[in-house]
Amino acid sequence: MRSSLAELARLADTARAEVVSTEVQFRDKMDPSWLIGRGKAEEIARKAKETGTDLIIFDQELSPAQLFHLERIMPCKVIDRTQLILDIFAQRAKTREGRYQVELAQLEYLLPRLVGRGRDLSRLGGGIGTRGPGETKLELDRRHIHRRIRDLKRELEQVRRHRKLHRDRRRKMEIVQVALVGYTNAGKSTLLNRLTGSDVLSEDRLFATLDPTSRFLRLPSGEQVLLTDTVGFIRRLPHHLIAAFRSTLEQVKEADLLLHVVDASHPEAAEQIQAVEQVLQELGAADIPTLTVFNKADQVAEKMPEEEGTLRISAFSDEDLERLKQAIDQALHREQVHGSAEFPVSRGEWIAALYRNAEVVRSEVSGVTVRIDFRLPLRRFRRLSKEVKDHIRVSSD
């Protein structure tokens, strides 16, 4: 619980709020109307009034009923962890797609919480929890909000189709894609900058970058890959965000390799790894080959041994960056498919596709059939068309 509150305080700092005090309550079960019970709520209300507090943030997601009752007795605005994260995303979204995604998530979150809040909304003014759709939009009737949600989904669907065209074009060009994933503030943007010489914003704050950025990276083998920095994950990532950002996060599903960046210096690194793996599972990306990169190893006193599929580095060490490039190279070529294919000589496009993707060991023409023995990385084998795969026999060795 303490670690969760510490993370909430960092989220508040990212949203430019100053934390003046923290309250903890232990209960056997949550109060359905007040979350923390009416007595504790009144105690917090008195303390907030005495200290001049203008915002109260709950670490648990508040139900519409809980928010309704708490706002009636609190002398200031009340939000929960989910709304705080949505507010941070609203600050960080720079592209049109990002702004649409955040607004959609906010409206879908706020819609069931609008009943009876006209007076409260009219006194919000501004600040944390009011960015994005804005005060005026939230005071409109439900019909208009539903219409706005439909419009946003339609716009995002167009963006999704446009993004798919780009992905299909990259696939046809056989561009290898590597995606940086990980808990927020693990150092993904710093790694992207150091590996590719780019200048993506990176700072010691949660969700420092929101919109995905891709840059080309040349590996020691000479192969060029597209390295993409994705939005950071977090424990209890609001499902509204996962749904709204699905078109952006589809880039993760299309990757040939995931670099799971972990803050090795964080005391709860294991829990953060689990949170990221849970989101990857929700996205349908859990089966993509993954290289786990323990970053900030220079801030850890104890030197832990590296296991298979893991690497311990500092993003500021040139030697470590070279080791990382080599590890990416090896991971992309580790799983090899060996086999043979028999094609009619008339199907030149199938033969060309295999030659383009595989290392041909032997080729023999017999009458109207050509037999090709080959080996190629598993990631490339998966990209072959069904027609080509139907004529392939994979070796069992």
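Residues numbered from 1 in each chain as written. Predicted model: local features only at pLDDT ≥ 70, side-chain atom pairs only at ≥ 80, totals over all residues. Heavy atoms only, no water.

A. Geometry of the packing of helix α9 (residues 188-196) against helix α13 (residues 318-334). Following both chains from N to C, one finds α9 and α13 inclined at 90 degrees, their axes separated by 11 Å at the closest point. One element, α9, and the other, α13, form an angle in the roughly perpendicular class. Counting all contacts with α9, which are made through L191, R194 and L195, the residues of α13 involved are D318, L321, L324 and K325. Here the contact of α9 with α13 is composed, by residue class, of 4 nonpolar, no polar and 3 charged. (Axes fitted to C-alpha atoms, helices over the stretch in contact; angles between N-to-C directions. Helix = DSSP H or I, 4+ residues; strand = E, 2+ residues; numbered from the N terminus. Parallel < 35°, antiparallel > 145°, perpendicular 65-115°, else oblique. Contact = heavy atoms within 4.5 Å. Nonpolar A, V, L, I, M, F, W, Y, C, P; charged D, E, K, R; others polar.)

B. Representation of the sheet that holds strand β6 (residues 257-263) in the model. In spatial order, the strands read β4-β5-β3-β6-β7-β8; together these 6 strands make up an open sheet with mixed pairing. Since the sheet does not close on itself, it has two edges, and those belong to β4 (213-218) and β8 (310-312), each with one partner. Between one strand axis and the next, the sheet turns by 25 degrees as a mean value, whatever way the strands run. Of the strand pairs in this sheet, strand β3 (residues 176-182) and β6 are connected by 5 bridges, and their pairing is parallel. Along β6, the bridge assignment pairs A179 with L258. Of the strands in this sheet, β3, β6 and β7 (290-295) touch helix α12 (residues 269-283), which is tilted by about 150 degrees from β6. (Pairing = 2+ DSSP bridges.)

C. Representation of the pairing of strand β10 (residues 359-366) in the model. As paired elements, β10 and strand β11 (residues 369-377) share 7 bridges and run antiparallel to each other. Following the sheet pairing, V365 is matched in β11 by V370. Counted between consecutive antiparallel strands, the loop separating β10 from β11 contains 2 residues, among which G367 sits at a positive phi close to 65 degrees.

D. Inspection of the UniProt feature "binding site: Mg(2+)" (unreviewed entry) in the protein at higher detail. Per the UniProt record, the feature "binding site: Mg(2+)" (unreviewed entry) sits at S189 and T209. Residue position: S189 is located in helix α9. We classify S189 as buried; its relative accessible area is 10%. (UniProt positions renumbered as here; feature names shortened; annotations may be inferred. Buried < 20%, exposed > 50% of the residue type's maximum accessible area, 1.4 Å probe, protein only.)

E. Structural context of the sheet that holds β10. If you walk across this open sheet you meet the 4 strands as β10-β11-β9-β12, and the pairing is antiparallel. Two strands close off the open sheet at either side, each with one partner strand: β10 and β12 (392-394). The sheet shows a mean angle of 20 degrees between the axes of neighbouring strands, direction not considered. As defined by bridge partners, strand β9 (residues 336-344) adjoins β11 across 9 bridges and the pair is classed as antiparallel.

F. Representation of the packing of aromatic side chains within the structure. Under the definition given, this model contains 1 aromatic pair. In this structure, R72 packs its charged tip against the face of F68, placed 4.5 Å from the ring centre. Seen from the ring of W350, R347 lies directly overhead, with NZ or CZ sitting 4.1 Å from the centre. (Phe/Tyr/Trp six-rings, centres within 6.5 Å; stacked < 30°, edge-to-face > 60°. Lys NZ or Arg CZ within 6 Å of the ring centre and 35° of its normal.)

G. Up close: the nonpolar core. Ranked by internal contacts, the top residues of the largest apolar core, which has 36 residues, are L11, L84, F233, L241, L258 and L280. Looking at this core, the elements that each hand over two or more residues are α1 (2-14), α4 (81-92), α5 (96-110), β3, α10 (239-244), α11 (246-253) and α12. Core analysis: the next-biggest nonpolar cluster, separate from the first, contains 25 residues, L192, L311, I328 and A331 among them. (Core = buried A, V, L, I, M, F, W, Y, C linked by side-chain atoms within 4.5 Å.)

H. Representation of α9. Among the 9 residues that make up α9, 7 are buried, leaving the element largely enclosed by the rest of the structure. Every buried residue of α9 is accounted for by K188, S189, T190, L191, L192, N193 and L195. On its buried face, α9 is in contact with β3, β4, β5 (224-229), β6, β7 and α13. In the stretch just after α9, G197 is the one whose phi turns positive, near 75 degrees.

I. Highlighting helix α2 (residues 38-51). Its 14 residues give α2 an end-to-end C-alpha distance of 20 Å, which sits within 8% of 20 Å, the value for a rise of 1.5 Å per residue. Taken residue by residue, α2 has K40, A41, I44, A45 and A48 as its buried positions. Looking straight down α2, one finds that the buried residues subtend no more than 140 degrees of arc, so they occupy a single side. Among the exposed residues of α2, those pointing more than 90 degrees away from its buried face are R46, K49 and E50. (Expected span 1.5 Å × (residues − 1). Arc of directions from axis to C-beta.)

J. Unusual backbone geometry, seen in detail. If you check the backbone angles, L35 has positive phi at about 70 degrees while not being a glycine. Exposure remark for L35: the relative accessible area of 6% places this residue in the buried category.

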